[in-house]
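Summary of the model geometry
Spelled out from the first residue to the last, the chains are:
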Amino acid sequence: MSDKPVAVIGAGLAGLSAALTLQEAGREVVIYDGSDRVGGRVATDYIDGFTLDRGFQLINAKYPELLRLGVVDELDFIFAPRTVDVCVGEKRIALGDPRSNPFASLNPATGTLIQKLGLVAYLLRTADAAKSVEEELSHLGILYSRVLKPFLSGVFLTSPASVNAVIGKGLITSFISGKPGLPRKGVGALPAALATRVHKIELNHRIDSLSQFDNQQVIVATDLTTAAQLLDIANVPKLAGSTTWYYEVPQEFTGSARLLIDGEHRGPVVNSIVLSNLISTYAPDGKSLLASTTLDFASESEVRRHLALMWGAHTGGWSLIAKYDIPKSLPIFAIGNQSAASSQFSQNIYVAGDYRTAPSQNGALLSGRLAAQELLLDQGR
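Everything numeric in this text was worked out from a predicted model, so none of it was measured.

What follows covers the overall build of the protein chain. Of the regular secondary structure elements, the protein chain holds 11 helices and 18 strands. Its C-alpha atoms put the protein chain at 65 × 50 × 40 Å along the principal axes. Residues counted as buried form 55% of the 381 residues belonging to the protein chain. Taking the intrachain contacts of the protein chain between residues at least 6 apart in sequence as the baseline, contacts between residues at least 24 apart amount to 72%. Put simply, the protein chain shows about 16,800 Å² of open surface, and 52% of that area lies on carbon and sulfur atoms. When the 34 positive and 36 negative side-chain charges of the protein chain are each reduced to one mean point, those points stand 5 Å apart.

This part covers the pattern of salt bridges. Evaluated as defined, the whole model comprises 16 salt bridges. Arg-54 is the partner of Asp-45 in a salt bridge, and the nearest nitrogen-oxygen pair spans 3.1 Å. A cluster of three or more residues bridged by salt bridges with shared partners is formed by Asp-36, Arg-37, Asp-45 and Arg-54.

This next bit is on the packing of helix α3 (residues 113-124) against helix α5 (residues 142-156). Axis separation between α3 and α5 bottoms out at 9 Å; the angle between their running directions is 65°. Between α3 and α5, the crossing angle belongs to the class labelled roughly perpendicular. Considering the relative orientation of α3 and α5, their crossing is right-handed. Contacts from Gln-115, Lys-116 and Leu-119 in α3 reach Ile-142, Leu-143 and Leu-148 in α5. Among the residues making up the contact of α3 with α5, the classes are represented as four nonpolar, one polar and one charged.

Moving on to unusual backbone geometry. Even without being glycine, Asn-204 reaches a positive phi, approximately 55°. Summarising the element assignment, Asn-204 is placed in the loop between β10 (201-202) and β11 (218-220). In this structure Asn-204 comes out as exposed when scored by relative accessible area, which is 58%. Phi at Asp-232 is positive, roughly 55°, even though this residue is not glycine. Residue placement: Asp-232 occurs in the loop between α8 (224-231) and β12 (239-249). The exposure class of Asp-232 is exposed, given its relative accessible area of 70%.

Note: strands within a sheet are paired through backbone hydrogen bonds, in either parallel or antiparallel orientation. The strand order across the open sheet built from three strands is β5-β9-β6, with neighbouring strands paired in antiparallel fashion. The sheet is open, and its two borders are formed by β5 (59-60) and β6 (77-79), each paired with just one other strand.

What follows deals with a nonpolar patch on the surface. A grouping of Ile-233, Val-236 and Phe-345 is seen on the molecular surface, where their side chains present a nonpolar patch of about 240 Å² in accessible area. Structurally, the position occupied by Ile-233 is in the loop between α8 and β12.

Let us look at the environment of Ile-142. By the element assignment, Ile-142 lies in helix α5. Taking the relative accessible area as the measure of exposure, Ile-142 reaches 35% and is therefore partly exposed. Sequence spacing of Ile-142 and Thr-110 is 32 residues, and the spatial spacing of their C-alpha atoms is 6.4 Å. The contacts of Ile-142, once residues within four sequence positions are left out, are Ala-109, Thr-110, Gly-111, Gln-115 and Val-147.

Okay, the sheet that holds β10 next. Read from one edge to the other, the open sheet built from six strands follows the order β10-β2-β1-β11-β18-β17, with strand pairing classed as mixed. Each having just a single partner strand, β10 and β17 (344-346) make up the two edges of the open sheet. As defined by bridge partners, strand β1 (residues 6-9) adjoins strand β2 (residues 29-32) across four bridges and the pair is classed as parallel. Bridge pairing in β2 links Val-8 to Ile-31.

This brings us to the nonpolar core. Counting residues in each nonpolar core, the largest one holds 82 residues, and the members touching the most others are Leu-22, Leu-137, Leu-194, Ile-219 and Leu-275. Discounting chain neighbours no more than four positions away, the residues touching Leu-194 are Leu-13, Leu-16, Leu-20, Leu-69, Val-71 and Leu-365.

With that out of the way, let us pick up the environment of Gly-154. Along the chain, Gly-154 turns up in helix α5. Judged by relative accessible area, Gly-154 falls into the buried class, the value being 18%. Distance from Gly-154 to Phe-56, taken between C-alpha atoms, is 9.6 Å for residues 98 residues apart in sequence. Sequence-distant contacts of Gly-154, defined by excluding residues within four places in its chain, comprise Val-270 and Asn-271.

Calculation criteria
- Residues numbered from 1 in each chain as written.
- Predicted model: local features only at pLDDT ≥ 70, side-chain atom pairs only at ≥ 80, totals over all residues.
- Heavy atoms only, no water.
- Helix = DSSP H or I, 4+ residues; strand = E, 2+ residues; numbered from the N terminus.
- Buried < 20%, exposed > 50% of the residue type's maximum accessible area, 1.4 Å probe, protein only.
- Contact = heavy atoms within 4.5 Å.
- Areas by Shrake-Rupley, 256 points an atom, 1.4 Å probe, with all protein chains shown as cover.
- Lys, Arg positive; Asp, Glu negative; His and termini not counted.
- Charge placed at Lys NZ, Arg CZ, Asp CG, Glu CD.
- Salt bridge = Lys/Arg side-chain N within 4 Å of Asp/Glu carboxyl O.
- Axes fitted to C-alpha atoms, helices over the stretch in contact; angles between N-to-C directions.
- Parallel < 35°, antiparallel > 145°, perpendicular 65-115°, else oblique.
- Left-handed = near helix turned anticlockwise from the far one by under 90°.
- Nonpolar A, V, L, I, M, F, W, Y, C, P; charged D, E, K, R; others polar.
- Pairing = 2+ DSSP bridges.
- Patch = residues over 30% accessible without salt bridge, like charges linked within 9 Å, V, L, I, M, F, W, Y side chains within 5 Å.
- Core = buried A, V, L, I, M, F, W, Y, C linked by side-chain atoms within 4.5 Å.

Right under this line is the structure:
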């Protein structure tokens, strides 16, 4: 074993988790990242008084890895409603956890009672890895087509027909049992809090080759494309892309802080939410911030037209604050694909990233911890 520090390439959630695991075991670690900030895809910008996350994303405060790290209490965390609004025609119908909102679950516009009981049955049985999420849920009729499909498309950033049933069900279960929300300062507050625990991080330090780490243990915790370049991997899994559109909207526009989805699929928007109704500091005083997500290419006129239908409002006067095109938002775990069995790529080189475990923040954190633990186990042999 080398007496040099372990080099962790990438200061996203996977890299931070790997470094913290190694530090806890007494190993010296240095994280290298080509960016000027930690967090990778979990990042926040501040523009003209608005808080803009790089892609709309919520944090599940009950993710096992976040609970293990005990970091949520440091984030000034605001919990989101456990209810979504489904627009059908000109109506917006609330649907949430029946334990807290039993009457909303009885509305037939979001599915029959039998279909909703069928969802409970789905949650209680084992998923079939040979099927997609859609194959396991499509028999739920209107509940699937109007509610689950548009909602899950926003979760997976791709159609549920493209997602492995086992991986997909894991995410669905975590959402149902979870407590989603956001830090008051944006999602970037999560990696920033974890980074304060890491002893040494070198930002603005791009790594183009692993040759400089000869005879040194390395964890490659970059995005999938960068990892493929560093490790000379020819074929990589497909990645899901997304675009987040941030608009300034009138304050009196709506008082809702719930996520809105279109049960009739009338345009490119998969979800929309007035974030400043959830956290007032996401917008300057007297202004409101709307975040909307699209998956496929869409013009701004198409987005505005769809938002007008969803919200029942005139959108022509809304000001576009920013648009984030994120072509590598999440890995797609296709039918038959499973989590990687080992983190070791070759002698002294280990790999971490959500594309190896699950397409989520928890998946990224877990992959980093597993890579570090495997490295520690190997060094002890």
